[in-house]
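Fold and contact review
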Amino acid sequence: MSGTATAEKASLIAVRREIGRKKRRNKVEHQSEDLNVVPMMDMMTIILVFLLKSLSSSSANIPQGDDLRLPRSSIDTAPSSALQVIISRVSISVNGRFIAALQNGVVDASLKRGGGNGLLINPLADHMREQVQIARTLASRSGQEFRGEVAIIADRGLPSRTVYEVLYTCGQAGFADFRLLVLKGAR
Amino acid sequence: MARFTASQHAYINKRARHKEVGPAEGGGELNIIPFLDIIMNVLMFLLATIATVFTATIPVPAPSSSNRPGPAQQQERLNITVKVTPTGYIVGAGGGFLLPGCTTIGAASLTVPNRATGDAEGYTHDFPALTQCMQAIRRQWATEIASDHSINVATNSDIPYGVLVRSIDAVREARPNACRISDDLRGGDFSNADCLFPEVTLGVLR
């Protein structure tokens, strides 16, 4: 015979109540161990979207490499958002679209009107005429003046003649305002 | 008061233990760690890329029509031309060529010869001396070209584009930001004494 109250076995209800209490305590402990990364993820996603948006709409989005190294200049002006003509050592492209291949920065004579001494690059001229039409239509629909701006992004090691040929061709197509894109910081 | 026995304690601990969710059972919760890794990598790449690209633009207006009236045409123009050759600069003004020192007009000669050694970028053209030449021109013909800031820069076909850009820098201003170019890059305030010839037109030597 047990006799004492302290040796009395707990009832089933008490056991279940104790299980519930312990479960709640364990749950709180386990919750506090996990780091809540959702706010951080939100923040990261917002920054990422912002960067992608701003980069895609800015002229600073220039893929530099061995074939395209921009020259440096001491000028301190804002980069232009005009139509981009990129002249690397291997190709000419307009707003990312391939136009003509170059051999070590020189336009092949067969691509120019008048051969080797010519200044007009035929495939570029065709494309730029289309661009002029598009730009004029957009300008008239938005009630703005067509300014004919072109941003020239060229490799610093290119022969100057190649740049002149591109300028001449753009000029012949109807563009008249050129901006040479450079990296800030020289002297 | 009733107390738990040893077997009851064991039973309570067993039932109240927090169940660790195994990989196979965790289908209810999305694992976002790989997504977070990708975002972090893309973010770092973008930040590292844009940190090195600070660009500016040099305005190069197309040559204006000769019958268009302009302030510079109301007076005698000096028609300053800088020819960039592989051996140095030939500076032309007033229908002749400037001799070294850039204060007297004489027969065709090299006005600013190249340096013996290249600079950090490997260019041997003497850009500081060209700037000094332009300053000398502005002093020498101060009244004639007081409001004329135009200059023609022409290069040989094989001169690197980088040399052309540095040459434009050299003729434009004697110190950075001396010329205050307007936001639309069409004109600006060129009244500063260190602002030399910011209105550059380009040409090619045949």
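All chains use their own residue numbering, which begins from 1 and follows the written sequence. By the order in which they are written, chains take letters starting at A while ligands take numbers starting at 1. Thresholds applied to this predicted model are a pLDDT of at least 70 for local features of residues and 80 or more for the giving and counting of side-chain atom pairs; totals over whole chains, interfaces and linings are not thresholded and use all residues. Hydrogens are left out, water is left out, and the side-chain values use all remaining heavy atoms of the structure.

**Some details on the overall build of chain A**
When its secondary structure is counted, chain A shows four helices and nine strands. Note on conventions: DSSP H or I runs of at least 4 residues are helices, E runs of at least 2 residues are strands, and numbering of each starts at the N terminus. Listing each helix as α and each strand as β along chain A from the N terminus yields α-α-β-β-β-β-β-β-β-α-β-α-β. Burial status follows relative accessibility: with a 1.4 Å probe on protein chains alone, a residue under 20% of its type maximum counts as buried, one over 50% as exposed, and anything between as partly exposed. The proportion of buried residues among the 187 residues of chain A is 42%. The contact rule is simple, with two residues in contact once any of their heavy atoms fall within 4.5 Å. In chain A, 65% of the contacts between residues at least 6 apart in sequence involve partners at least 24 apart.

**Brief notes about the confidence of the model for chain A**
As a note on interpretation, predicted positions should not be read in detail where pLDDT is low. Residues and elements named next belong to chain A. Each residue gets a pLDDT score, which is the predictor's confidence in that residue and runs from 0 to 100. On average, residues of chain A score 82 in pLDDT, and 87% of them are at 70 or above. Of all the helices and strands in chain A, helix 1 (residues 12-33) carries the lowest mean pLDDT, 77, while strand 3 (residues 91-94) carries the highest, 92. Every residue in residues 1-5 scores below 50 in pLDDT, and together they form one contact with partners more than four places removed in sequence or on other chains.

**Side note on the state of the cysteines**
Residues and elements named next belong to chain B. For the purposes of this analysis, a disulfide is any pair of cysteine sulfur atoms at a distance within 2.5 Å. Applying the stated criterion across every chain, the model contains two disulfides over all chains. Here Cys102 pairs with Cys133 through a disulfide, and the sulfurs are 1.8 Å apart. The sign of the S-S torsion, about -105 degrees, decides the handedness of the disulfide formed by Cys102 and Cys133: left-handed. Linking Cys102 in the loop between strand 4 (96-98) and strand 5 (105-106) with Cys133 in helix 3 (residues 127-140), this pair joins segments that are 31 residues apart in sequence. The residues Cys102 and Cys133 share a single accessibility class, namely buried.

**Things to note about the environment of Glu165 of chain A**
All names here are of chain A. With respect to the helices, strands and loops of the structure, Glu165 is situated in helix 4 (residues 160-173). Sequence separation of Glu165 and Ser88 is 77 residues, and the distance between their C-alpha atoms is 14 Å. Pairs of N or O atoms within 3.5 Å make up the polar contacts considered here, provided that, within protein, one atom can donate a hydrogen while the other can accept it, and that residues adjacent in sequence are counted only when both atoms are side-chain atoms. Engagement of the side chain of Glu165 in a polar contact is seen with the side chain of Lys112, the distance being 2.7 Å.

**A word on the pattern of salt bridges**
Residue and element names in this part refer to chain A. Salt bridge, as used here: a side-chain nitrogen of Lys or Arg that lies within 4 Å of a carboxyl oxygen of Asp or Glu. In this structure the tally under the stated criterion is 15 salt bridges over all chains. One salt bridge in this structure joins Glu18 and Arg21, with 2.4 Å as the shortest N-O distance. Of this pair, Glu18 and Arg21 both sit in helix 1, separated by three residues, roughly a single helical turn. Of the residues examined, Arg21 reaches a relative accessible area of 38% and is grouped as partly exposed. The shortest N-O distance in the salt bridge between Arg161 and Glu165 comes to 2.9 Å. Remark: Glu165 and Arg161 occur in helix 4; sequence separation between them is four residues, near one turn of the helix. The residues Arg161 and Glu165 share a single accessibility class, namely buried. Each of the salt bridges in this network shares a partner with another, and the network as a whole consists of Arg147, Glu149, Asp177 and Arg179.

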